[in-house]
2 protein chains.
Amino acid sequence: MNDVAAAAGVALKTVSRVVNDEPGVNPATAEKVRGAIEALGFRRNDGARTLRRGHTSSIGVIVRDLADPFYSTLTRAVEEVALTHGFLVFTGSCDESASRQRELALAFCARRVDGIIIVPVGDDQRYLEPEIHAGVAAVFVDRPATNIDADSVLVDNVGGVRKGIEHLLARGHRRIGYIGDAPEIFTAGERVRGYRETLTAAGHLIDPSLIAMASPSRQGIRAALERMLLSSPSPATALFTGNSRITVTVLRELAELEASGQGLERRPALVSFDDFDLADLLTPGVTVIAQDPARIGRTAAELLFRRMEGGNLSPVRRELPTRLIPRGSGEALP
Amino acid sequence: MNDVAAAAGVALKTVSRVVNDEPGVNPATAEKVRGAIEALGFRRNDGARTLRRGHTSSIGVIVRDLADPFYSTLTRAVEEVALTHGFLVFTGSCDESASRQRELALAFCARRVDGIIIVPVGDDQRYLEPEIHAGVAAVFVDRPATNIDADSVLVDNVGGVRKGIEHLLARGHRRIGYIGDAPEIFTAGERVRGYRETLTAAGHLIDPSLIAMASPSRQGIRAALERMLLSSPSPATALFTGNSRITVTVLRELAELEASGQGLERRPALVSFDDFDLADLLTPGVTVIAQDPARIGRTAAELLFRRMEGGNLSPVRRELPTRLIPRGSGEALP
DNA sequence: CTGAAAGCGCTTACAG
DNA sequence: CTGAAAGCGCTTACAG
């Protein structure tokens, strides 16, 4: 910018005015400056600008895994809102590693992002307190933060599962197996709670042998299926799966079980938490409790921008609804 | 940092030394400084650091759509490599809008990213020339850049299609329909070229009525299917689909066509360019020519870091292989 | 082992 | 309408 000023024979400040379209510059002077900009190939350094202005017009997004369609759809929606405000977005995946999440979050804060959207991992987000205190806006998504008071956007997990279980109960199922993710994960805990509460409210007993909770591995799910469907004296006639990764693994294992002729006479009814691509094209189509990841992302981004715009708002907790989409698998009778 | 220095009673430079773990600081002094850092909740401003040092340790990634599994998997792989080098990554989606891509790319450059990975849209990337000249490393992915000489990572589209078509020819198919994306898109053009070349090399004539190229809409694909499969005097016995979005739409339309009883007696054989989730769980499983998006991303990131590390390398063009995965749909006989 | 000065490339606050 | 000075928060280059 200095070089441009020298080349145009004006002061630095005048170049700044032209570059930023500030009013009150003589058109002829402005033209001279633009000529110099062109000739030198000048491009404003937004890093320097940022340093002086005190905000960076950038936000960070930290998810479990950007390659997972749920998170990538969410992130894309955040991008969209950010673009509207002229903000750029950093992204980072941390899987289920709390330490990696922390490193990413602090790295984003060191770059002085104005805000951060984060799917919290681990049981303590207190490390973000100084950052938030220093002015970084934070919105927690999909799971609430622990030990820290901040905006969050959650899904009505309990209500979603309730819809699915009631759907199965209404069709006469009484032996409904539940296969969920590791119980440390907030959503996994909420969802299995929805299962228990719905059965109890309907006057049924909980049979622990019909519940399996673990990170989804083929062997673990295979074992759970064999226990619930084959070796039980009164096998499950229906399954509820706690997320789409589990659903897909269950479908693969069911197909193998059927092919292996191990005595699975009828495919159990199935309702899945989470919608997924091609669920409608399978035979039968998979009935799901759909979340809306784009809406989750949009809502989080809107909360974030509201908070960045200032004011002393008290933390907000939004809970988004789910939708049951019947496609066949959840309508099978016992 | 100034405040820390004052609180610790040392010079700014000493604080800088402690913060950056530079050697040659008296342990007692260092301890005093660390105490002040703790007390004041000091966190280094990486923006200022960046301004002084001349590089930002960040890169930008621009894809068509982060919500698309192909691009999100690619981006996740880039993230992984970046993390290894201690770099942060900006992401942006531009769909097929060249102007939005340009804005994003220039915004990243204004933030002085050290490098940029980009799936080019539009027919001219010359606008990036000054940026590259100014030192931004650039790697083009999935499609080559136009009017600019830079590293690129492509896929062997022609070879991939050849494998698929030969697979169908070997099973006796002679009427093979091709449904591809808009021909302006580089990969779409390459793939249909692979189709033509393979048929010609095998001594067959090209029948234009068996080729449909357009952005995938349900109606367009429905019309193409009706033309190729129903109203033709000698209908296609096999289809090759140019990408997974098209494949999925074709599958939906085939299912509807079958259900509607419009005279589709047998489902044609099908080979798809691009693998996709659940392709193995459909009935029949979908035979695909698989790309490896994670490998594409990793390769691009490695090229980028190689280039950022300097040297005066001439532009490299990598072409990654594809893999045919037979799953049933491509093995059906005419 | 420690520090004073200059400078990265901008914007802010002010003066003319 | 234009500009000179100070400063954002660091690191570089140098001196002691």
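Chain A is annotated in an unreviewed UniProt entry as LacI family transcriptional regulator from Pendulispora albinea.

Q: For the overall build of chain A, give the residues involved together with the corresponding values.
A: Looking only at helices and strands, one finds twelve helices and twelve strands in chain A. By its C-alpha atoms, chain A is 90 × 40 × 30 Å across when sized along the principal axes. A total of 334 residues make up chain A; the buried ones form 52% of that total. A sequence separation of at least 24 residues applies to 67% of the contacts in chain A between residues at least 6 apart.

Q: Explain the sheet that holds strand 6 (residues 176–180) of chain A to me, using residue names and the numbers behind them.
A: Residue and element names in this part refer to chain A. Strands sit in the order 7-6-8-9-10-12 across an open sheet of six strands; the sheet is mixed. Every other strand in the sheet has two partners, leaving strand 7 (211–213) and strand 12 (323–325) as the edge strands with one partner each. Across the sheet, the axes of successive neighbouring strands diverge by a mean angle of 15°, strand direction being ignored. Bridge analysis of strand 6 against strand 8 (residues 238–241) gives four bridges, and the strand direction is parallel. Residue pairing in the sheet places Gly 177 in a bridge with Leu 239 of strand 8.

Q: Kindly report on the domain arrangement of chain A, identifying the contributing residues and their values.
A: Residues and elements named next belong to chain A. Taken as a whole, chain A is organised into domain 1 (2–44), domain 2 (56–155 + 293–320) and domain 3 (157–291). Taking only C-alpha atoms, the centre of domain 2 and the centre of domain 3 are 31 Å apart. Listed by partner, the interface residues are eleven residues for domain 2 and eight residues for domain 3. The junction of domain 2 with domain 3 conceals about 780 Å² of combined surface from both sides, 54% of it contributed by carbon and sulfur atoms. For Asp 181, the salt bridge goes to Arg 64, with nearest N and O atoms at 3.9 Å. At the boundary of domain 2 and domain 3, one finds one residue pair in polar contact (both at pLDDT 80 or more). Elements with a contribution of two residues or more to the side of domain 2 that touches domain 3: strand 5 (151–155) and helix 12 (293–308). Grouping the constituent residues of the side of domain 2 that touches domain 3 by class yields six nonpolar, no polar and five charged.

Q: If you had to explain the relation of the copies chain B and chain A to someone new, which residues and values would you point to?
A: For the pair chain B and chain A, the superposition axis carries a translation of 0.0 Å, the fit reaches an RMSD of 0.0 Å, and the rotation angle comes to 180°. In symmetry terms, the pair is related by a two-fold rotation axis. When C-alpha positions in chain B are compared against the rotation axis, the closest is assigned to Phe 90 of chain B, at 2.1 Å. Most of the interface of chain B is mirrored in chain A, where 100% of its interface residues are also at the interface.

Q: Could you give an account of the pairing of strand 5 of chain A, naming the residues involved and the relevant values?
A: All names here are of chain A. By the criterion of burial, strand 5 is predominantly enclosed, with five of the five residues buried. Residues of strand 5 alternate between two faces, with Asp 151, Val 153 and Val 155 on one and Ser 152 and Leu 154 on the opposite face, all of them buried. Two elements, strand 4 (residues 137–141) and strand 5, share three bridges in a ladder whose sense is parallel. Paired with Val 141 across the strands is Val 153, a residue of strand 5. Here strand 5 pairs with strand 11 (residues 317–320) via four bridges, running parallel. Of the residues in strand 11, the one forming a bridge with Val 153 is Arg 318.

Q: Any details on the protein's contact with DNA strand C? Residues and values, ideally.
A: Residues in contact with DNA strand C amount to 25 residues; listed here are only the nearest, Met 1 and Lys 13 of chain A together with Arg 17, Thr 29 and Arg 52 of chain B. When atoms of DNA strand C within 4 Å of the protein are sorted by moiety, sugar and phosphate together comprise 61%. Side-chain polar atom of Arg 52 of chain A to a base oxygen of DNA strand C: 3.1 Å apart, as the coordinates give it. In terms of residue count, helix 4 (residues 46–53) of chain A provides more of the surface near DNA strand C than any other element does, five residues in total.

Q: So what about the sheet that holds strand 1 (residues 58–63) of chain A? Which residues, and what values?
A: Strand order in the open sheet formed by twelve strands is 11(A)-5(A)-4(A)-3(A)-1(A)-2(A)-2(B)-1(B)-3(B)-4(B)-5(B)-11(B), and the pairing between neighbours is mixed. The open sheet has two free edges, formed respectively by strand 11 of chain A together with strand 11 (317–320) of chain B, since each of these has just one partner strand. With strand direction ignored, the average angle separating the axes of adjacent strands in the sheet is 20°.

Q: So, the protein's contact with DNA strand D: which residues are in play, and what are the values?
A: As a matter of local geometry, DNA strand D sits amid 25 residues, with Arg 17, Thr 29 and Arg 52 of chain A together with Met 1 and Lys 13 of chain B nearest to it. Each atom of DNA strand D within 4 Å of the protein was assigned to sugar, phosphate or base; sugar and phosphate come to 60%. With respect to DNA strand D, the side chain of Asn 20 of chain B contributes an N or O atom lying 3.0 Å from a phosphate oxygen. In this structure, Ala 48 of chain B approaches DNA strand D through a main-chain N or O atom, which is 3.4 Å from a base nitrogen. For the surface near DNA strand D, the secondary structure elements donating two or more residues are helix 2 (12–19) and helix 4 of chain A together with helix 2 (12–19) and helix 4 (46–53) of chain B. Broken down by element, the surface near DNA strand D gets its largest block of residues, five residues, from helix 4 of chain B.

Calculation criteria
Residues numbered from 1 in each chain as written. Chains lettered and ligands numbered in written order. Predicted model: local features only at pLDDT ≥ 70, side-chain atom pairs only at ≥ 80, totals over all residues. Heavy atoms only, no water. Helix = DSSP H or I, 4+ residues; strand = E, 2+ residues; numbered from the N terminus. Buried < 20%, exposed > 50% of the residue type's maximum accessible area, 1.4 Å probe, protein only. Contact = heavy atoms within 4.5 Å. Pairing = 2+ DSSP bridges. Axes fitted to C-alpha atoms, helices over the stretch in contact; angles between N-to-C directions. Domains from an automatic or database assignment. Buried area = accessible area lost by both parts, 1.4 Å probe. Salt bridge = Lys/Arg side-chain N within 4 Å of Asp/Glu carboxyl O. Polar contact = N/O pair within 3.5 Å; in protein donor to acceptor, adjacent residues only side chain to side chain. Nonpolar A, V, L, I, M, F, W, Y, C, P; charged D, E, K, R; others polar. Least-squares fit on C-alpha atoms with pLDDT ≥ 70 in both. Near = heavy atom within 4 Å.

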